[in-house]
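What follows is the residue order along each chain.
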Amino acid sequence: MTEKLTEQDIATALQTLNNATAPDHPWVRKGDTLQKTFTFKSFIRAFGWMSQIAIWAEKLNHHPQWYNVYNKVEVTLTTHDVNGLSERDFSLAEKMDKFY
Ligand SMILES: C[C@H](O)[C@H](O)[C@H]1CNC2=NC(N)=NC(=O)C2=N1
């Protein structure tokens, strides 16, 4: 069962997530979502990354909302099932950073 994270949970999880990646490229919390824009060298690099993440999304049963134009992918993560953020958003965000 997926649970909605509390404000305190979110603050802690966001700090942990952002500590593990480039300081100038953090996830930003906007309301009930986590957002980040990933920039690649080419469209094919962007799409290759999206393909890897798609496989993880199926495995985690958690799916990104994303918008791709050429070499950029704007990602928004949220958990509709709980009307907020859950651990699944943070797990998927971590995978996105890892494969980037
Ligand atoms: C039944 C199934 O677990 C749900 O529909 C899942 C699938 N993928 C999902 N993905 C996202 N991002 N949020 C959800 O609430 C969600 N729910």
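The rules behind these values
- Within any chain, residue numbers begin from 1 and follow the written order of that chain's sequence.
- Where local features are concerned, this predicted model is filtered to residues with pLDDT of at least 70; where side-chain atom pairs are given and counted, the filter is 80 or more; whole-chain, interface and lining totals use all residues.
- Just so you know, side-chain values use all the structure's heavy atoms and leave hydrogens and water out.
- UniProt positions are given in the numbering used here, feature names are shortened, and annotations may be inferred rather than shown by experiment.
- Two strands pair if DSSP finds at least two bridges between them.
- For helices the rule is a DSSP run of H or I covering at least 4 residues; for strands it is a run of E covering at least 2, with both sets numbered from the N terminus onward.
- Exposure categories follow from relative accessible area, calculated using a 1.4 Å probe and restricted to protein chains: below 20% of the type maximum is buried, above 50% is exposed, and the middle band is partly exposed.
- Nitrogen and oxygen atoms within 3.5 Å of one another constitute a polar contact, given that in protein one can donate a hydrogen and the other can accept it, and given that sequence-neighbouring residues count only through two side-chain atoms.
- Residues are treated as being in contact if the distance between any of their heavy atoms lies within 4.5 Å.
- How far a helix is expected to stretch is found by multiplying one less than its residue total by 1.5 Å.

The name an unreviewed UniProt entry assigns to the chain is Putative pterin-4-alpha-carbinolamine dehydratase, from the organism Salinimonas sediminis. Looking at the Sequence similarities (unreviewed entry) heading of the UniProt record, one finds this comment for the chain: "Belongs to the pterin-4-alpha-carbinolamine dehydratase family." The Catalytic activity (unreviewed entry) comment attached to the chain in UniProt states, word for word, "(4aS,6R)-4a-hydroxy-L-erythro-5,6,7,8-tetrahydrobiopterin = (6R)-L-erythro-6,7-dihydrobiopterin + H2O".

> What should I look at first to understand the pairing of strand 3 (residues 65-69) in this one?
The side chains of a regular strand alternate, residue by residue, between the two faces of the sheet. Sheet topology places strand 3 next to strand 4 (residues 72-77); five bridges connect them, and they run antiparallel. Residue N68 lies in a different strand from strand 4, and its bridge partner there is V73. A loop of two residues connects strand 3 with strand 4, the two strands running antiparallel in sequence, and Y70 in this loop sits at a positive phi of about 50 degrees.

> Help me understand the side chain of K36 in this model?
Looking at the element boundaries, K36 is found in strand 2 (residues 33-39). K36 gets classed as buried once you look at its relative accessible area, which sits at 4%. Within the structure, the side chain of K36 is placed 2.8 Å from the side chain of D97, a separation counted as a polar contact. The contact partners of K36, leaving out residues within four places of it in the chain, are T21, H25, P26, W27, V73, E74, V75 and D97.

> Is there a simple way to explain helix 2 (residues 43-60) in this structure?
Because each turn of an α-helix spans 3.6 residues, side chains separated by three or four positions in sequence point in the same direction. End to end, helix 2 covers 25 Å across 18 residues, agreeing with the expected 26 Å (1.5 Å per residue, within 8%). Where helix 2 is buried, its residues contact strand 2, strand 3, strand 4 and helix 3 (87-99). N61 lies just past helix 2 and shows a positive phi near 50 degrees.

> Would you explain the pairing of strand 2 in this entry?
In the sheet, strand 1 (residues 28-30) pairs with strand 2 via three bridges, with the strands oriented antiparallel. Note on strand 2: the bridge partner recorded for V28 is Q35. Connecting the antiparallel pair strand 1 and strand 2 is a turn made up of two residues, with G31 showing a positive phi of about 60 degrees.

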